[in-house]
Amino acid sequence: MKVDGTVAEGFEPVRTAFVRNFETLGDRGAAVAVYRDGHKVVDLWGGTRDFDGAEPWQRGTAQIVRSATKGVAAAAVLLLHQRGELDLDAPVGEWWPEYKAAGKDRTLVRHLLSHRAGVPVLDRPLTPREAADPDAGAAAVAAQAPVWEPGTDHGYHAQTFSWLIGELVRRVTGRPVGEWIADEVAGPAGADLWLGLPADRAARAGRVGQIPEAAAAGGLRTRPKRAVADAYADPGSLTRRAFAAITPLPDENDPAYRAAALPASNGIATADGLARVYAALIGEVDGGRRLFTPGTTTLARTEQSAGPDRTLVVPTRYGLGHMLHGTASPLLSPASFGHPGRGGALGFADPDSGIAFGYVTNGFHRSVTADPRAQALVRAVREAVAGGPSGGPGRAAAAVSS
């Protein structure tokens, strides 16, 4: 297995884990990047650019990151709060009057971010074409009656997060959410990350696919608890309905889908781009400006929801739009905040250690919040951070290829 890129001294365990992902955990093509205190310490890639192709993965190959997009979208809302343009404790209807319908008039901005809004499902699912239309999506969630009283419980808003957050950003800024993120998040961070893939960047993105269970060794074969398995098997469950808010499921390789801006599910990024956004949230990156103030960083990592998730049927922890370290989605430490993408991708920041992490892949697995390949890499980063002299490994990078 040929792996290209660089690792800093002390971070060699990450390279070992990355190679093992291909050898035993079914990866076809993937990349991982890690920053520490704003400096890149891991930049590795290998395999094929396309899930169903033979062209090698190149430096700068991007992939769809599914729900890892949610963490970037949440950062946009927190930046608007930081700038005084948005009050987290104000009703959503203050900016979006139509959202007051069907008993949602007391829904607060923080409820949207923390998956407490009570609208993880749509009584009439949207087609992929409708889902890509921000007006149609916004109208659907505005009209939807909540399945629990907003603010009283939490459940993962797997698809509806797109229109809740996208329309809120549009109402506050007057600009499409993808455009705002490009100008105010990805651009200042110097990150190769897009919400709404521009036509002139389309060639950067590889094709994705589903890894067959039989193609992976035992490490990818998981046995969910009976309650979880039953929830995914039942078409009438909140779990199935939440993921089916877009029906049929979109073709993630369709250029039209990739050109749309769905903050819940279709961001496209390089591993470096995903890690670089998180690095910029918690500090300066290569001399660039920090995006979050220390106060906003504290907000991002402050628990808002915890316990049994009404959608995912497992205990989850959420901050203001980010998943927090826990059994459902283990990150580097209790200080970490970020977001996984269903079946693979992961991005997060750990302010205490100065670590920012990004992993992207073209092969998705059945896992929802804790993919074994990403978790193997996180464990390797934890080992590297714990094992270095004087508080951690050095920053000198060395080229690797094998």
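Everything here concerns the structure above.
Residues numbered from 1 in each chain as written. Predicted model: local features only at pLDDT ≥ 70, side-chain atom pairs only at ≥ 80, totals over all residues. Heavy atoms only, no water.

Enquirer: Lay out the pattern of salt bridges with the relevant residues and their values.
Expert: Applying the stated rule across the entire model yields 26 salt bridges. With its nearest N and O atoms 3.1 Å apart, the salt bridge here joins Arg301 to Asp352. With Arg301 in the loop between α12 (294-300) and β8 (305-308) and Asp352 in the loop between β12 (346-350) and β13 (355-361), this pair connects stretches of sequence that are 51 residues apart. On the accessibility criterion, Arg301 (28% relative accessible area) is partly exposed. A residue is classified by how much of its surface remains accessible, and Asp352, at 61% relative accessible area, is exposed. For the salt bridge of Asp371 with Arg373, the shortest nitrogen-to-oxygen distance reads 2.8 Å. Considered together, Asp371 and Arg373 belong to a single accessibility category, that of buried residues. Because the salt bridges share partners, they merge into one network encompassing Arg83, Arg175, Glu179, Asp183 and Glu184. (Salt bridge = Lys/Arg side-chain N within 4 Å of Asp/Glu carboxyl O. Helix = DSSP H or I, 4+ residues; strand = E, 2+ residues; numbered from the N terminus. Buried < 20%, exposed > 50% of the residue type's maximum accessible area, 1.4 Å probe, protein only.)

Enquirer: Describe the side chain of Asp50, and please don't skip the residues or the numbers.
Expert: Tracing the chain through its elements places Asp50 in the loop between β3 (39-47) and β4 (63-64). We classify Asp50 as buried; its relative accessible area is 13%. Within the structure, Asp50 has its side chain in polar contact with the side chain of Arg49 (distance 2.9 Å). If sequence neighbours within four positions are ignored, Asp50 has contacts with Glu55, Gly206, Arg207 and Asn362. (Polar contact = N/O pair within 3.5 Å; in protein donor to acceptor, adjacent residues only side chain to side chain. Contact = heavy atoms within 4.5 Å.)

Enquirer: Explain the nonpolar core residue by residue, including any values.
Expert: Formed by 85 residues in total, the largest nonpolar core has its most connected members in Tyr99, Leu193 and Phe337. The element that contributes the greatest number of residues to this core is helix α2 (residues 68-82), accounting for 10 residues. Within the second largest apolar cluster, 29 residues are counted, among which are Val14, Leu44, Leu346 and Val381. (Core = buried A, V, L, I, M, F, W, Y, C linked by side-chain atoms within 4.5 Å.)

Enquirer: I'd like to hear about helix α5 (residues 134-143), residue by residue, with values.
Expert: Within α5, burial applies to Gly137, Ala138, Ala140, Val141 and Ala142. Where α5 is buried, its residues meet α4 (128-131) and α6 (161-173). Capping the start of α5, Asp133 holds a side-chain oxygen 2.9 Å from the backbone nitrogen of Asp135, two or three residues further along.

The values are spatial; any link to function lies outside them.
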